[in-house]
Amino acid sequence: MAQNKLRVLILDDEPIVCKRLKPSLEKLGFEVDTFTRSFEAMQAVEKAAYDIIVTDLKMEGMDGMRFLQEAKKLYPETEVIVITGFATMETAKESFKKGVFDFIAKPFNLNEIQKVVQRAADKIRSAGQ
Amino acid sequence: MYDAGEQPYLCLRIEPVLAALQKLWKKVFKPPEELITFPELFEHFQALLQDHQKVMEIIADLGEKSGGDYVFDRKYLQDSVNELHVLLLHLIKGLNLISSNRYPDLYTTLDRIFLPIDAELRGRLSLAAEMPYVVGLEDLPVDHPELTGGKAANLGEISQRLHLPVPPGFIITTRAFRYFLEQNQLEDRIHALISAWLGREADTLQTSRQLQYGLLAGVVPQEVGREIRRRTEAAPFWAVRSSAHGEDGELSFAGLHESLLQVPARGVPEAYKKILASLFSPEALSYRRQMDMLGEEAAMAVLCQEVIASRASGVVHTLNLEAPETECLTVYAYPGLGRPVMDGRAQPDRLVVERQAPHHIRSREVFPKEYVVRPAPGGGEEEVTPAPEERDLPAISDATAQTLARLAISLERYFKRPQEIEWALDQTGQVWILQSRALAFSQISDFPPVEVADLRERYSLLLQDQGVVAHAGVGAGPVWVVESDADLEQFPEGAVLVTRYTAPWLARVVPKAAAIIAERGSPAGHLATIAREFRVPTLVGVEKATGVLTPGTEVTVDTNNRLVYAGRVQELLHYELLEATSFEDASEFRQLRRLLKRVAPLHLIDPQAPDFTPEGCLSVHDVIRFVHEKAVQELMDLPRFLKRFKGAQLWTLVSEVPMGLKIWDLGGGIDPAAQGGEVTAAQIRSLPLKTLWEGVCAPGVWSTEPIQVDFSGLMSSLTRTTEAATAAGFNLAVITGTYLNLHLRLGYHFNLVDARMDADPHHNHIYFRFVGGVTDLTRRSRRARLLADILAKYHFKVDIKGDLVIAKILHLPQEEIRRRLLVLGHLIGFTRQLDMQLKSDEDVPAYLAKFLERLQPLVDLEGS
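Scoring rules and cut-offs
Counting restarts for each chain, with residues numbered from 1 along the sequence as it is written. As a convention, the first chain written is A and the first ligand written is 1, with the rest following in written order. Local features are withheld for residues below a pLDDT of 70 in this predicted model, meaning they are given only at 70 or higher, and side-chain atom pairs are given and counted only at 80 or more; totals for whole chains, interfaces and linings count all residues. Going along the chain from the N terminus, every DSSP run of H or I of four or more residues is numbered as a helix, and every run of E of two or more is numbered as a strand. Buried, partly exposed and exposed are defined by the number of other C-beta atoms within 10 Å of a residue's own C-beta, namely 20 or more, between the two limits, and 12 or fewer respectively, with C-beta atoms placed from the backbone. By the convention adopted here, residues are in contact when the distance between their C-beta atoms, placed from the backbone, does not exceed 7 Å. Any two strands are treated as partners once DSSP identifies two or more bridges connecting them. Lines fitted to C-alpha atoms define the axes, with helix axes restricted to the stretch in contact, and inter-axis angles between N-to-C directions lie between 0 and 180 degrees. Small angles under 35 degrees read as roughly parallel and large ones over 145 as roughly antiparallel, with 65 to 115 read as roughly perpendicular and the rest as oblique. Residues enter a nonpolar core if they are buried, belong to Ala, Val, Leu, Ile, Met, Phe, Trp, Tyr or Cys, and are joined to the set through C-beta atoms within 7 Å. The split of the chain into domains comes from an automatic or database domain assignment. For every residue, the predictor assigns a confidence score, pLDDT, that lies between 0 and 100. Amino acids outside the nonpolar list (Ala, Val, Leu, Ile, Met, Phe, Trp, Tyr, Cys, Pro) and the charged list (Asp, Glu, Lys, Arg) are all regarded as polar, and Gly is one of them. Expected helix span is computed as 1.5 Å times (number of residues minus one). We define the bend at each residue as the angle formed by axes fitted to the 7 residues ending at it and the 7 residues starting at it.

### So, the overall build of chain A
Part 1 of the reasoning: Within chain A, the secondary structure is distributed over 5 helices and 6 strands.
Part 2 of the reasoning: Overall, chain A shows an N-to-C arrangement of helices and strands of β-α-β-α-β-α-β-α-β-β-α.
Part 3 of the reasoning: Within chain A, buried positions represent 43% of all 129 residues.

### Examining the overall build of chain B
Part 1 of the reasoning: Scanning chain B from terminus to terminus reveals 28 helices and 31 strands.
Part 2 of the reasoning: Per-residue burial over chain B gives 45% buried out of 864 residues.
Part 3 of the reasoning: Considering only intrachain contacts with a sequence separation of at least 6, the fraction spanning at least 24 residues in chain B is 67%.

### Thoughts on the sheet that holds strand 9 (residues 349-354) of chain B
All names here are of chain B.
Part 1 of the reasoning: Strands sit in the order 10-9-8-7-13-14 across an open sheet of 6 strands; the sheet is antiparallel. Strands at the two margins of the open sheet, each flanked by one partner only, are strand 10 (361-365) and strand 14 (431-438). Strand-to-strand, the axes of this sheet are offset by a mean angle of 20°, without reference to chain direction.
Part 2 of the reasoning: With 7 bridges connecting them, strand 13 (residues 419-426) and strand 14 associate as antiparallel partners. Residue pairing for strand 14: Trp423 is matched across the bridge by Ile433.

### Remarks on unusual backbone geometry
Part 1 of the reasoning: Omega for the bond connecting Lys106(A) with Pro107(A) falls within 30 degrees of zero, at -5°, which places this linkage in the cis form.
Part 2 of the reasoning: Counting through the fold element by element, Pro107(A) comes out in the loop between strand 5 (102-105) and strand 6 (108-109).
Part 3 of the reasoning: Along the chain, Ala357(B) connects to Pro358(B) via a cis peptide bond; the corresponding omega equals 5°.
Part 4 of the reasoning: Following the sequence through the fold, Pro358(B) ends up in the loop between strand 9 and strand 10.

### A few points about the sheet that holds strand 4 (residues 79-84) of chain A
Residue and element names in this part refer to chain A.
Part 1 of the reasoning: The 5 strands are arranged 2-1-3-4-5 in an open sheet whose pairing can be described as parallel. Of all the strands in the sheet, just strand 2 (31-35) and strand 5 have a single pairing partner and so form its edges. Averaged over all pairs of adjacent strands, the angle between their axes in this sheet comes to 15°, without regard to strand direction.
Part 2 of the reasoning: Bridging between strand 1 (residues 7-11) and strand 3 (residues 52-56) involves 4 bridges; their strand directions are parallel. Its bridge partner lying in strand 3, Val8 is registered against Ile52.
Part 3 of the reasoning: Along the sheet face, helix 2 (residues 38-47) touches strand 1 and strand 2 and points at about 160° away from the line of strand 1.

### Structural notes on the pairing of strand 9 of chain B
All names here are of chain B.
Part 1 of the reasoning: Burial along strand 9 is one-sided: Asp349, Leu351 and Val353 are buried, and none of Arg350, Val352 and Glu354, which face the opposite way, are.
Part 2 of the reasoning: Relative to strand 9, strand 8 (residues 328-335) is paired through 6 bridges, and the arrangement is antiparallel. Of the residues in strand 9, the one forming a bridge with Tyr332 is Arg350.
Part 3 of the reasoning: Here strand 9 runs beside strand 10; their pairing, made up of 4 bridges, is antiparallel. Across the sheet, residue Leu351 finds its bridge partner in strand 10, namely Arg364.
Part 4 of the reasoning: Joining the antiparallel neighbours strand 9 and strand 10 is a turn of 6 residues, in which His359 adopts a positive phi near 60°.

### Quick notes on the packing of helix 9 (residues 222-232) of chain B against helix 10 (residues 268-277) of chain B
All names here are of chain B.
Part 1 of the reasoning: Interhelical geometry of helix 9 versus helix 10 gives an angle of 120° and a closest axis separation of 10 Å. Comparing the axis directions of helix 9 and helix 10 gives the class oblique. Along the contact surface, helix 9 presents Gly225, Ile228 and Thr232, while helix 10 presents Val268, Pro269 and Tyr272.

### Description of the nonpolar core
Part 1 of the reasoning: Formed by 173 residues in total, the largest nonpolar core has its most connected members in Val8(A), Ile52(A), Ile81(A), Val496(B), Ala513(B) and Ile517(B).
Part 2 of the reasoning: Two domains each donate at least three residues to this core, and these are domain 3 (452-579) and domain 4 (684-729 + 737-855) of chain B.
Part 3 of the reasoning: Once you skip the residues sitting within four places of it in the chain, Ile81(A) turns out to touch Ile52(A), Val54(A), Phe101(A), Asp102(A), Ile104(A), Val116(A), Val117(A) and Ala120(A).
Part 4 of the reasoning: Val134(B), Leu137(B), Val166(B) and Val431(B) belong to the second largest nonpolar core, which has 86 residues in total.

### A word on the confidence of the model for chain B
All names here are of chain B.
Part 1 of the reasoning: Looking at chain B, the pLDDT average stands at 80 and 82% of residues meet or exceed 70.
Part 2 of the reasoning: Across residues 1-12, confidence stays below pLDDT 50; counting only partners more than four residues off in sequence or on other chains, it has 38 contacts.
Part 3 of the reasoning: Confidence drops under pLDDT 50 across residues 248-252; counting only partners more than four residues distant or on other chains, this segment forms 9 contacts.
Part 4 of the reasoning: Overall fold confidence (pTM) sits at 0.66, and the ipTM for the predicted complex is 0.86.

### Thoughts on the interface of chain B and chain A
Part 1 of the reasoning: Facing 23 residues of chain B, the contacting portion of chain A comprises 20 residues.
Part 2 of the reasoning: Looking at the side of chain B that touches chain A, the elements with two or more residues in it are strand 1 (70-71), helix 3 (74-98) and helix 15 (452-458) of chain B.
Part 3 of the reasoning: Here the residues of the side of chain B that touches chain A are counted per class, giving 12 nonpolar, 3 polar and 8 charged.

### Description of helix 20 (residues 587-599) of chain B
Part 1 of the reasoning: With 13 residues, helix 20 of chain B extends 18 Å from end C-alpha to end C-alpha; this agrees with the ideal 18 Å at 1.5 Å per step.
Part 2 of the reasoning: Of all the residues in helix 20 of chain B, the buried ones are Glu588(B), Phe589(B), Leu592(B), Arg594(B), Leu595(B), Leu596(B) and Val599(B).

### Things to note about the packing of helix 4 (residues 105-121) of chain B against helix 20 of chain B
Residue and element names in this part refer to chain B.
Part 1 of the reasoning: As a packed pair, helix 4 and helix 20 sit with axes 10 Å apart at the nearest point and diverge in direction by 175°. Taken as axis vectors, helix 4 and helix 20 run roughly antiparallel relative to one another. Taken together, the residues of helix 20 that come into contact with helix 4 (itself represented by Ile113, Pro116, Ile117 and Glu120) are Gln591, Arg594, Leu595 and Arg598.
Part 2 of the reasoning: A class-by-class count of the residues in the contact of helix 4 with helix 20 yields 4 nonpolar, 1 polar and 3 charged.

### With respect to the environment of Gly225(B)
All names here are of chain B.
Part 1 of the reasoning: Examined against the element boundaries, Gly225 turns out to sit in helix 9.
Part 2 of the reasoning: Owing to 17 C-beta atoms within 10 Å, Gly225 belongs among the partly exposed residues under this scheme.
Part 3 of the reasoning: As a C-alpha pair, Gly225 and Ile172 span 53 residues in sequence and 10.0 Å in three-dimensional space.
Part 4 of the reasoning: Sequence-distant contacts of Gly225, defined by excluding residues within four places in its chain, comprise Val220 and Pro269.

### Here's the deal with helix 5 (residues 145-160) of chain B
All names here are of chain B.
Part 1 of the reasoning: The first and last C-alpha atoms of helix 5 sit only 15 Å apart over 16 residues, clearly below the 22 Å expected at 1.5 Å per residue.
Part 2 of the reasoning: A maximum bend of about 80° is found in helix 5 at Lys151.
Part 3 of the reasoning: Of all 16 residues in helix 5, 15 are buried; the element is thus mostly enclosed.

### So, the pairing of strand 6 (residues 300-306) of chain B
Residue and element names in this part refer to chain B.
Part 1 of the reasoning: Counting buried positions over the 7 residues of strand 6 gives 6, a clear majority of the element.
Part 2 of the reasoning: Bridge analysis of strand 3 (residues 169-172) against strand 6 gives 4 bridges, and the strand direction is antiparallel. When the bridges of strand 6 are listed, Ile172 appears paired with Val302.
Part 3 of the reasoning: Alignment of strand 4 (residues 237-244) against strand 6, held across 7 bridges, turns out to be antiparallel. Within the sheet, the bridge partner assigned to Ala239 lies in strand 6 and is Gln305.

### Overview of the environment of Glu412(B)
Part 1 of the reasoning: Tracing the sequence through the fold places Glu412(B) in helix 14 (residues 398-415).
Part 2 of the reasoning: For Glu412(B), the contacting residues outside a window of four places in its chain are Thr318(B), Arg417(B), Pro418(B) and Gln419(B).

### Focus on the confidence of the model for chain A
Part 1 of the reasoning: For chain A, per-residue confidence averages 88 on the pLDDT scale, and 97% of positions sit at 70 or higher.
Part 2 of the reasoning: Here helix 4 (residues 89-97) of chain A stands out as the least confident element of chain A, with mean pLDDT 82; strand 1 of chain A is the most confident, with 95.

In structure tokens form, the structure reads like this:
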């Protein structure tokens, strides 16, 4: 993998989610930053673009839906993957309307999310060619 | 495959039938006031079975999530617990409806089980009244470091799970500590003193002295003191050590709290107070302030162990800190008791030993021993100068160093971190583990995870993207394929266990395995549960694994990416050991494991046992087992049954197969021309019963010859006869034209078949439940496995648990249901005494082949 590493941002207010996801994506060759507070994640996004954002929806302060909208406003080409424990058709529909790449219900298995992130990465890479 | 079905197994459409029948029933008979009508009862029973299945599925799901392959959060735990609670309330209500309210106590049972679970989820220290003041190491509840402190919790795991030799002893729990504070009215005083100190109104030394004085002057509560005295009678001298909550966890309080060795039995209560007081030593106070831990209540558990009069003692570091890349560990050893080494006054021998078996010794440095400490004849310790010829002798032999290396590596494999292990060698040459904790070392470098793509370039892959993760992790070792008992006996420490089945009898080698790969099985299965208990990385459902993995060759199993590499992937192993955070230690996982302990274990096995009562239910599983058993009993209870059926037509089936089957026809199940109380098979109109019976009666299925019973089978059958003989009930089929619910007790087996054969496939299902049987559990589970294999061939979804087999299949066309009911008919006959004949695991494939061959002409599946 000689290409530049793709940058991934993970936002979830449950530290365990960040702790588990980070190494599993790093092993696939991504550069990963994790956040448990949305405003800190927002600050990071404002500073530099991320290729892929993985975010929870329900959080204190700025919720995931608003966060992903703001991030998309800044960088429309960023692919966003939503992970949530409150998976309903409604939220899924709304996410897709907001241009979300994929939607995963919690609990999920690591392989499942690795595959989705990989797909998002493939899409980004093929778009860049 | 043996995975749990994703759908509830019963999609019954019997409501309309029942409603119509109920009307009719009420018209014809006036049911007695105290008894509900049979159709109603039956409806409750069906609902109950559905709830039972849902609960089983949630339990399986929770188990699966504890294997590390899933990311979950606290919300998931909360949701699952809420769902369980609602289902159990339903179940209990259902049973009480069926039984005219005979089990109101179950509501109390439910509270008893769920209150601590809720407390647990709210993150409160669950030091509920059920927790003991004093508990033996052998009974120590593991995964409760808040009760026992980290040090004791580790030792509990070492002795209970890894079965390594740990000196016998007991723990005076944090609950006893709180009780001590309460009895001596110390809580407010401690709080006030610490607040003043934090507010800089008092200096550290003075505060410490006042706090410690308070504790030392306290009186050990009677119950606690009595229990200590009772337990210390076992040995003359004791080691009394701190095991504070948080110590030996992520933070190291190493050396901050007191440890007292060679305490005479009488002196243990006083020593206990001294250890408690060390919680407030000036150093401990400062450390906790520094670590910002004063907000939490400090709690001290105290570990008391019999003193090993050691010939030598020392420490093992499973990683050679000076050269971590050399794959060696370091053994430090000194003659006599451990004091000189612990105090840093003596120079111990130092042996560098290879981490991998057979643990060659790489180097050995032996230092002169100026003095040794040994137990004094009248108690306490004494220092002696060794004779000149003993001064330069090595403290331990190479063989002992190798034993230590083996134990140390198995500890590391379990705790998933380099370990620092205190050990002692007694006069008989037996090695004892005194303590094991994570080895503190500064991260060598903050290197990023090894990337899978790079590894794939360097190592060849033997398996990829196959199977399901039962327990996540990385493990390496030589492949060891287990196909027979002999393979099990010789299973080497640290090998990779490869097996066709995930049978319960593999359990005893699980703790020795570096990783497990099974061709069959599900993450909800028995082996998966055991693998999680021993934290062994495990993949199940890896087809053809035994064909691909050659015995004796080194492999590295990485379940995180579902890859098996040829050879030892050293960089990956290093990363996992040194850098990766092990999920097992995350608080959510601990919480889930504690929760599972109150949910999953089944204690109520035997319905005839005196503790088969609401009070005897200790877990969620127990409750549903109890409810299910009692519900079946209600349904099968002869006197009440007859009362319910007074005036109802109950047919007796006359057949060459002597089963004594009673049939209750809810409509359309029996030829209208039938007369009297008896029917023949030809008069059965109920499609499912007719078909099943066809299978049972097929030539050669119902063997009437006496069956050869070998000695051990017979002995075991004799001991179980009483239970079977007293089991209540008789064989009953409840039918309609297209529906069958059949309870069969044949010999010692209990079969339940629930099936519908309708023109519309969406209404159709078969549910089959098989349990019980003579002979020991090993044989019974062998039979269960054979049943599972046969049923899986016919595309049933099968779950096995011990000797319980649950198979289900849904939404098939009538003809497909027909084929499978024929198979079930065969199976019922075939398995009647099968477990007596299944003598070894190797027999299973042969029997399977025999059965399938016999069935072939009858129920050809190739076309399906």
